[in-house]
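An overview of the molecular structure
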Amino acid sequence: MRRAPPAHRADLPDHDMTYLRWTLLLTLLGCVLALTGWQSLAPPVRTYDAVPVERGDIESGITAPGILQPRHYRDVVARTAGQLLRLHVEVGDSVREGQLLAEIDPADQQAAVDASRVQLESLGALREEQLAQRDLARQQYERQRTLARSGAARQEDVQTTHAELRGAEARLKSTDIQLRQARASLRSEEAALAHTRLHAPLDGTVIAVGQTLDVQKRTPLIRIAQLTSMTVHAQVPEADIHRVRPGMPAWFTTLGGGGRRWPARVRQILPVPPRPLEQMSPAAGDPSGGEQETGQGRGVLYSVLLDVDNGDQALMAEMTARVFFVASSVRGALTAPLAALQESTGRPDVHRVQVLRQDGEPTPREVRTGIRDQRRVEVLEGLAEGERLLVNGAHRQEQ
């Protein structure tokens, strides 16, 4: 007899196929539920936010904003009124001492010089005439005195000629005074004529150029600066000014400096905040310059000057600076983040921290600290390099 071929799954009845599917589905669901229950009963795995104790440099001090200005500069001010004819320089030009910068119309000044010279010549001619009159009056007076001694002249004639001599001498003296005044006026007019040509007072770079002349207000027309040396004008609040002293080391950064630090030292602390002179009197009103609003009311800002070398001329005038005054510093010290410090122990230099053991669990410890900056603190005692500290005392649970 021939055997019948084995039956395929396609040959199973429909109710058998349905039973098989439900069996597989229930089995899979049971596995998922069992796994979920095991995870809910398993103990949580704790991981901590910890950072290592490392060596580094720490600087303690205060920060303040500042503005950069050239240390050495001179303003070229027009001393003569007139129309500006020509400007020979522009902002950014390098100039040498004595170089012609601008010209003012000299017509009025030249006319004044010519008038002073004419007046001087006229007074000179008048003096020659009065000198001759004085000499004549002196001769007549001497003649009358001689005749009077021999009895040939009256005393009245002697007195008359003497008065005429004294009058001639007085007129001559008055003319001499006018001559001196005329010579001084001529020198002044010649100086005004010379000031119609403005020259550079020093070697440097043109950093500002005006277009109008105001002789009465002495408004600068051109400003020339030597950019190889700059000064930072830092504004330090009155709450911190007592911590700043001349010669104090500092450094600063600029907005466009790419993180570069420029070393500097404090040259001078101005004794009063910057403000116009008319506001120095208490009766002049409430000055706004040199003050800032603080959480406890209005505070005063004092100017601190710091000099810095600018040989590569990477610094420019009016740049904004962020100045850090270094009160104390330490190099290669053990450091810990400020976020790892917990409550104080009653001593300002002793704090508690949480140190992670080898098994990953934290244990409390007291450490003695030194100087600090905005992020880290110097560790003097209680920790070793490489130990890990719990940050902010926080941990997270992972299932």
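Computed from a predicted structure; not experimentally measured.

By the secondary structure assignment, Thr161 is in helix α3 (residues 155–194). Judged by relative accessible area, Thr161 falls into the buried class, the value being 9%. For Thr161, the residues in contact, after removing those within four places along its chain, are Ala137, Gln140, Tyr141 and Gln144.

Of note, Thr205 is situated in strand β7 (residues 204–209). Note on Thr205: relative accessible area 15%, which makes it buried. Apart from residues no more than four positions distant in its own chain, Thr205 is found in contact with Gly92, Asp93, Ser94, Arg223, Ile224, Ala225 and Leu227.

Turning our attention to α3. Taking 1.5 Å as the rise per residue, α3 with 40 residues should run 58 Å; its terminal C-alpha atoms sit 59 Å apart, in good agreement. Residues Val158, Thr161, Leu165, Ala168, Leu172, Thr175, Leu179, Ala182, Leu186 and Ala192 constitute the buried set of α3. In this structure, the buried residues of α3 make contact with α2 (107–149).

On to the nonpolar core. Counting 24 residues, the largest nonpolar core has Val236, Val244, Phe252, Val304, Leu306, Val323 and Phe325 as the members making the most contacts within it. Put simply, the parts of the chain that give this core at least two residues each are β2 (54–77), β8 (220–237), β9 (249–254), β10 (262–269), β12 (297–309) and β13 (320–337). With 6 residues, β8 is the single largest residue contributor to this core. Those residues in contact with Phe252 that sit more than four places away from it in its chain are Leu68, Val232, Arg260, Arg261, Trp262, Ala264, Val308, Leu315, Ala321, Arg322 and Val323.

What counts and what doesn't
- Residues numbered from 1 in each chain as written.
- Predicted model: local features only at pLDDT ≥ 70, side-chain atom pairs only at ≥ 80, totals over all residues.
- Heavy atoms only, no water.
- Helix = DSSP H or I, 4+ residues; strand = E, 2+ residues; numbered from the N terminus.
- Buried < 20%, exposed > 50% of the residue type's maximum accessible area, 1.4 Å probe, protein only.
- Contact = heavy atoms within 4.5 Å.
- Expected span 1.5 Å × (residues − 1).
- Core = buried A, V, L, I, M, F, W, Y, C linked by side-chain atoms within 4.5 Å.

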